[in-house]
Structure formats: structure tokens, C-alpha cells
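Coordinates in review
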Amino acid sequence: MKKYSLDLITGNCGKIDPYSIDSYIETGGYDTVRNIFAQDCENIINEIKKSDLRGRGGAGFPTGTKIEFVYKSDITPKFLVCNADEGEPGNFKDRFLLENDPHQLIEGMIIASYAAGISKGFIYIRGEYNKAIGILEKAIEQARQKGFLGKNICGSGFDFDIEIYSGAGAYVCGEEFALIESIEGKAGRPRNKPPYPVSAGIFNKPTLINNVETLSTIPFIIREGAEKYTSVGTPTSKGTRLVSLSGNVNRRGVFEVPFGISIREIIFNLGKGIPHGRRIKMVQLGGASGPCIPPEMIDLRLDYKEFENNGLSMGAGAVIVIDDRHDILDILRNIMVFFRHESCGKCTPCREGNRHILNILDRFIAKTATEKDLSTLESILNVMTDTSFCGLGQAAPTAILTALKYFRYEFLLGIYKEYEIKNAV
Amino acid sequence: MLLKTLNKEARKSENILNALLEYQKSKDTNYISEEELAQLAEELGITESRAYSIITFYSLFSTKPRGKYIIQVCNDVPCYVNGSTNILEELEDYLEIRVGGTTHDGVFSLERTSCLGCCNMSPAIRIGEKIYGNLTKDDVPRIISEYRRKYYEEV
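Residue numbers run consecutively from 1 along every chain, following the written order of its sequence. Each chain gets a letter, beginning with A, and each ligand a number, beginning with 1, in the order they are written. Only residues with pLDDT of at least 70 get local features here, since the model is predicted, and only at 80 or more are side-chain atom pairs given and counted; chain-wide, interface and lining totals rely on the full set of residues.

**What to know about the sheet that holds strand E11 (residues 318-323) of chain A**
All names here are of chain A. Here the rule is simple: two strands pair whenever DSSP picks up at least two bridges between them. What counts as a helix is a DSSP run of H or I of at least four residues, what counts as a strand is a run of E of at least two, and both are numbered from the N terminus. Strand order in the open sheet formed by five strands is E8-E7-E11-E9-E10, with mixed pairing between adjacent strands. Among the strands making up the open sheet, the edge pair consists of strand E8 (253-258) and strand E10 (292-293). Direction of pairing for strand E7 (residues 240-247) relative to E8: antiparallel, over a ladder of six bridges. Its bridge partner lying in E8, Arg241 is registered against Val257.

Spelled out as C-alpha cells, the structure:
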């Protein structure tokens, strides 16, 4: 029988008590940390490279390579940031990991820091996740008591400690430089790249930034070996990833799936289909900044290469199902309201673009748009994608761009047809 | 002194945001006034303009008085397609305020929020630090009166 969900990194979730470190240790937790100090940093980095692990926050950058960049830097001190600023609508997998298995994340952070020579870590977590903050505070305290955090961890001479840093409600702070600005006690607006955080991050020191899921995957890779991790998945995307399934499905939730599973299997086998026998109108992948695809495309398999071939991005792994009661333009409007609010205002394409897109969209919804509106809309979308300062503005148009491709008729229906009116008279 | 536990640590730039959040949380009115902000900036050793740029940038801060309990309603797509607009309208009717408003008795403020990460129990709202999910219109009066009772019992 085909297995739709696995438990390489979610195995403890729901089984252990997140408030108790002993409960984690009983499952073999922190064993990897105890054994790791006998290994060379290069070995650990090579193992992570072999696993083909890619950043699960959305950009998909190879994790081993990123750790190596920081490892090779001579500048000290170096920092590690766990990006737990999960603000992308439709994603809740990081919250799931934080609330269910906080020690796995801490263990991952210790391993990554040892490999890269980092002695100070931050967990940047959004202010809205207060339950997870409470769990993490307790977990860090317990890890310190057991000697897994602090000075001279397990007698190895390696020092590492973690501090929790709470955000204050800004979606853009998930962008790595906006996050760094925020940690430095400023408004979270992105910086110019390059230099990248790996060479000049927090206080201009080398900074390794990774998503919660990425760091939580590291203990498995080091404990069980890269070979075991890569035994699942596809030739072009190894291992598993967490999918947040939401919207109009019978069973919403976080599922750990092997790469290669199709969107259809996620919706119908794991999600148990659409309620009340309704049909899918569209599926948005990755979150608000992700592509919208029509039901004809849901046989698409979760695979970096396959997504790329279709001109799509996987993002953080959200699957939002929208059923046929809903109007596409109305949903797109909701998405643009979100981006208009969350744009930080630093660069013009994003600040003004989102506002204009929303205005034009309103004319399509009111069915008073013109042919010119359609071409203006496309021009603004392309300018935003090409010229926005950071990922927020570059990705904000994705939903509408893909909707224009797959649901163009919805837009055409919003164009005011003068000749039809004349003919009617 | 407005900041109770001000020490050298709090003046480190990586602790400024938290210090301001903590201060705002300690007030029943959930906001930071202009006068307070000037003093906080001085205590934290930063310019007033920088302090102002921080509290106007992040949506968890407010420069206007708010209610003791802040009701945040998520209206992003996963909640929206599961009827969050109904919840929002019901809250507006029941509290007799619009989004962005505060009730006369200063108990509640109603706000719209970006995704709360509770899409598995959409539509979801957050009151203070508690999440309520899988809501229907009928849940609203019960939840609100619970908080109102709690507020008046404390007073």
C-alpha cells in the first residue's frame, strides 16, 4: 500500500509531552548531541549536504552549503537565527513543530551551530505564537539544566545558548534582512543584498538563518544518516516535507509527506476531499504569495524540479483549497488586501504596486474594467516582480499572475463591454 | 521610571522591541502614548524618532488607547473561505463597534489581523493570548460574555 504520510521528523508529535525534556530524552532525544562532538565539523556539513536538504522556509536554498558558508568565515562572533516568524497565510507547520516537539528544534540548532562554529542562537518567533513561546521558554530552560545549552556542552568545550526573540506583528519580518533589522531593535525593513546574511547579518556578523522545519530535520539526518533520509522522495527532491492543508477540505492539518506525492493525493487521501460534495475551484500553493492552480492541474507532484518546469514555486508548503462557491476575483482581492497591509513601504514598486493592483481588481469585480486596465495590470505585476526590493514585493503578484494564466476568462468577464450594451439597445 | 526591570540588558538593541512590548502589555489600555514614548526612548537610550518608527511599524503596538481585551479576527484566505466574514460581522453587531473600534466600557477592541497560523481550525480569532477556532456565528455571544463577566468580576 502506498504511504501518503511519514514520520521522520514528526514522529514525536502528539506522542511526547512538549513540556518535559525527559519525555524527549526517552525517545533517544539529545543522543545525537552527545555523540556529535567526536566528529569533525566538515563531516557534519558533508552529511547534511549529502541529504540534499533544502531550506523549507520557501526559498529552497541548499542547507549544507549555507552552513558551510558560515563555517568558512573567519569573522566572529557568528550567529544562528531560527526563523519562526511564520506569517504566510495558510502555513502552520512551524507552529505544529514548535508546540509539539520543541527539543528536536533545539537539538537541530545545537548541531548546526557546532558545525558552523556559532555560539549564540536566536529563535525569532512571531508575537502571535504565545503558546509556542511559552513551550520554548520552558524547553530552553530544561535544556540548560541538563547541560545541553550553555557553557561547555556535555563536557565538549563547546558553548552555545539560545535566546527567544518575539516579533510584534509584521509579515515582512519573515524576510531574512527585515528579521535581522528587527532583532537589532528597529523597524523591520529589508536591506540590500549582497552581502548576504551568511557574511554580514546580525550586527554585520556572519549569520545562519534557517526555518524551523529545516533545523528540525537536521537531528534525523545526523542520527540516521543522509542515506536513510534520501531513501524517500524523488531523484530531484529528497526526503519529506511538511504540508499545511487548509481551506475547504474535510480534514485540515499538518502532514509530513514524501516528495513525489501529488496535490490530488494530499487533498483527497490525506484531506479526505471537499466537504458537501462540492468541487475544487482553485488551489493556492505555498501561501498568499504562491501560485493559484486550476483543478485540472492537481496531479502535479510535490517536487522542486516538477514545480520549476511548470513555472511554479513550492514556497513553505501550504495547500489552500478553495471550492466552487467562491469567486476567483474575490479571493484575489482578499490576497491583495493582505499584501497592501503588509508591504513595509520601503520600495516604490511594492508600496504603490499593491495599492494599484487592488484598485484595478476592484474595477474587474464591479465589471467596469477596460481592456486598458488589463494591460496596465499585467504591466504593474511584471514591474513589481522584476524591481521590488525584497521577496515580499517580488512574490506578491504571483497569485494574480498565475490566475491571469489559468483563469483569464474570469478577468475578461469583468471588462465592460460597451458594444454589447449598444447592441442590446 | 516606566520600565520596571531596566538594566544594562534592556538597553541592548536586541531587547528594545521586547521591552516596549512588555511595557504595553502591562497597561490595561494596551497602548503607548506620546509622552510615555518619549520617556521610554530616553530610558532605552534611543532617539524618540526611532522609538516612534518601531511602534508605528509593528501591528501589535498602538498609539491610541485600546480595550483591555483585543479581539483579533483573521480574514486571510483559509479563514475567509470558511466564513470569517460572518464572524467579523457578528462581532461588530454584538459589540456595536466597527473594526478598529473600542467598546464604550473599554473592555474590547476589535481588530483585523494577518494569518494567525490556525488555518486547521479556521475561522479563528485571538482574544488576548487565547485562540478560538472552528467558530460559528453562534459562538460569539458566549465567548464575549465570558470575557465581560471576567472583566467586571476583577473590577
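That was the structure; now back to the text.
**Notes on unusual backbone geometry**
In this structure, Pro195 of chain A follows Pro194 of chain A across a cis peptide bond, with omega equal to 5°. Mapping Pro195 of chain A onto the fold places it in the loop between helix H8 (176-183) and strand E4 (207-211). The omega torsion of the bond from Ser122 of chain B to Pro123 of chain B falls at -5°, within 30 degrees of zero and hence cis. For Pro123 of chain B, the position within the fold is in the loop between strand E2 (108-113) and strand E3 (125-127). One non-glycine residue, Asn152 of chain A, lies in the positive phi region at around 50°. Considering the arrangement of structural elements, one finds Asn152 of chain A in the loop between helix H7 (130-145) and strand E3 (161-166).

**Re the pairing of strand E9 (residues 280-285) of chain A**
Residue and element names in this part refer to chain A. Extensive coverage of E9 is indicated by the burial of six of its six residues. As defined by bridge partners, E9 adjoins E11 across five bridges and the pair is classed as antiparallel. In the strand pairing of E11, Val283 is matched with Val321. Note that E9 and E10 share two bridges and pair antiparallel. From the neighbouring strand, Gln284 faces E10, where its bridge partner is Cys292. Three classes are used. A residue is buried when 20 or more other C-beta atoms lie within 10 Å of its own, exposed when 12 or fewer do, and partly exposed in between, with C-beta atoms placed from the backbone.

Any link to function would need more than the numbers given here.
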